[in-house]
Amino acid sequence: MKVTFDELKRYVNDVWKAAGASDADSEVMADIFTETTKRGVGHHDIHNFPSRIDRVESGMINPTPKITKIATFGAMESWDGDHGTGEVLNRFIMQRAIDLAETHGIAMVTVRNSNHYLCSAPFVEQAAKQGYIGFIMAKAGTAMGMPGMKGTIIGQSPIGYAFPTDSKWPVMMDICLAYIAGEPLMIRAKNHESIPAHWGADKDGNPTTSAEAVVNGGVKFPIGEHKGFGLALLEELLTGVLSSGAILDDGEEDPIYKGTSHTAIAIKADALMDMETYKKRSHELIERLKNRSDKVRIPGDRSWEKTREYNAAGYLELDDDFVTLLNTYAERYHVDPLHV
């Protein structure tokens, strides 16, 4: 079914507001879910919206969080997110980091008691569009193991960055430190697809090429083994520890896990030189990289290509069954259904 992006945005706004959220927070949710869907990734987009409503109903997400400051020191702050949705909380902490970096040149802001933030892209793009180099990272439950060990050990540590150049579209990286994120892995498992053996192990700790075996009791491995593991450990420090939130597996025995923390870092791109000089130098970086090989793909290129295509078309196509699912929430919350 063809759904316009304006209609998709209206739907998310209406349902989130009907679930109890403020006008401002509903606009944030609508903007993030709509714009992220335009990346064309096929996951970590509008397909995650039903899970947000389900988590409101289960008590995991508080649609009306009271975000409170815990501590501050110069260009650093920590906040308690009151179990709000990750999208709203990360929009908030990234803007706080940007505002602090305007004065200090660089800033870091962290939040505890958060939830899944969808993906890194909308928040680092938020920074780049305002002339800042943005980083964001996430701490959630343990999801990765290591070769030769059984079970999960550490989180898969989503992380992203973006920086502005002289182009309309920033350079942007949005990844996790596992070889594959949870949702695309589940899609592969559902389709009985194989994966490289170094991506993960089965429930007995044996490397496997079966996506199903990894999903059903197995474990994902970090990129570069000890290298990815070491970076994931650093992320745990910068999120869980510095946010005064849950550390590693703390709280995982709770049926409704409350251990998600996030950290945003912003660097003022024109702090050490004027913006025109910065843009020329960042542009030169990208051009020199492209000149090294005609096969180089700059991080974010594919996302911006799909965004331009979707903006030109004005709509996307959604599976009939998924539209039906979305409209069950519209009916439950007494808002207009998603029109196709």
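Structure: see above.
Everything quoted here is computed from the prediction, not taken from an experiment.

Draft legend 1. Up close: the overall build of the protein chain. From N to C terminus, the protein chain includes eleven helices and eleven strands. The C-alpha radius of gyration of the protein chain comes to 20 Å, within 12% of the 20 Å expected for a compact globule of 340 residues. Counting over 340 residues, the protein chain shows a buried share of 48%. Within the protein chain, residue pairs in contact and separated by at least 24 positions form 68% of the contacts whose partners lie at least 6 positions apart. Entry remark: accessible area of the protein chain is about 16,000 Å², with carbon and sulfur atoms responsible for 54%. Within the protein chain, the 48 negative side-chain charges are centred at a point lying 5 Å from the centre of the 36 positive side-chain charges.

Draft legend 2. Up close: the nonpolar core. Among the nonpolar cores identified, the biggest contains 59 residues, and Y11, F49 and L318 are the most heavily contacted of them. When residues in this core are grouped by element, the largest group, eight residues, is from helix α4 (residues 86-104). Contact partners of Y11, with chain neighbours within four places excluded, come to F49, L326, N327, Y329, A330, D336 and L338.

Draft legend 3. Examining the state of the cysteines more closely. Throughout the structure, instances matching the rule amount to zero disulfides. No disulfide involves C119; its nearest neighbouring cysteine sulfur is the one of C176, lying 12 Å away.

Draft legend 4. Structural context of the environment of A127. For A127, the position within the fold is in helix α5 (residues 121-129). Assessed through its relative accessible area of 0%, A127 is described here as buried. Once the C-alpha coordinates of A127 and Q95 are considered, the two residues, 32 residues apart in sequence, prove to be 7.6 Å apart.

Draft legend 5. Here's a closer look at helix α8 (residues 226-241). End to end, α8 covers 21 Å across 16 residues, agreeing with the expected 22 Å (1.5 Å per residue, within 8%). Of the positions making up α8, those classed as buried are G228, A232, E235, E236, L238, T239 and G240. Elements in contact with the buried residues of α8: β4 (106-114), β5 (132-139), β6 (159-163) and β10 (260-268).

What counts and what doesn't
Residues numbered from 1 in each chain as written. Predicted model: local features only at pLDDT ≥ 70, side-chain atom pairs only at ≥ 80, totals over all residues. Heavy atoms only, no water. Helix = DSSP H or I, 4+ residues; strand = E, 2+ residues; numbered from the N terminus. Rg over C-alpha atoms; globule rule 2.2 N^0.38 Å. Buried < 20%, exposed > 50% of the residue type's maximum accessible area, 1.4 Å probe, protein only. Contact = heavy atoms within 4.5 Å. Areas by Shrake-Rupley, 256 points an atom, 1.4 Å probe, with all protein chains shown as cover. Lys, Arg positive; Asp, Glu negative; His and termini not counted. Charge placed at Lys NZ, Arg CZ, Asp CG, Glu CD. Core = buried A, V, L, I, M, F, W, Y, C linked by side-chain atoms within 4.5 Å. Disulfide = S-S within 2.5 Å. Expected span 1.5 Å × (residues − 1).

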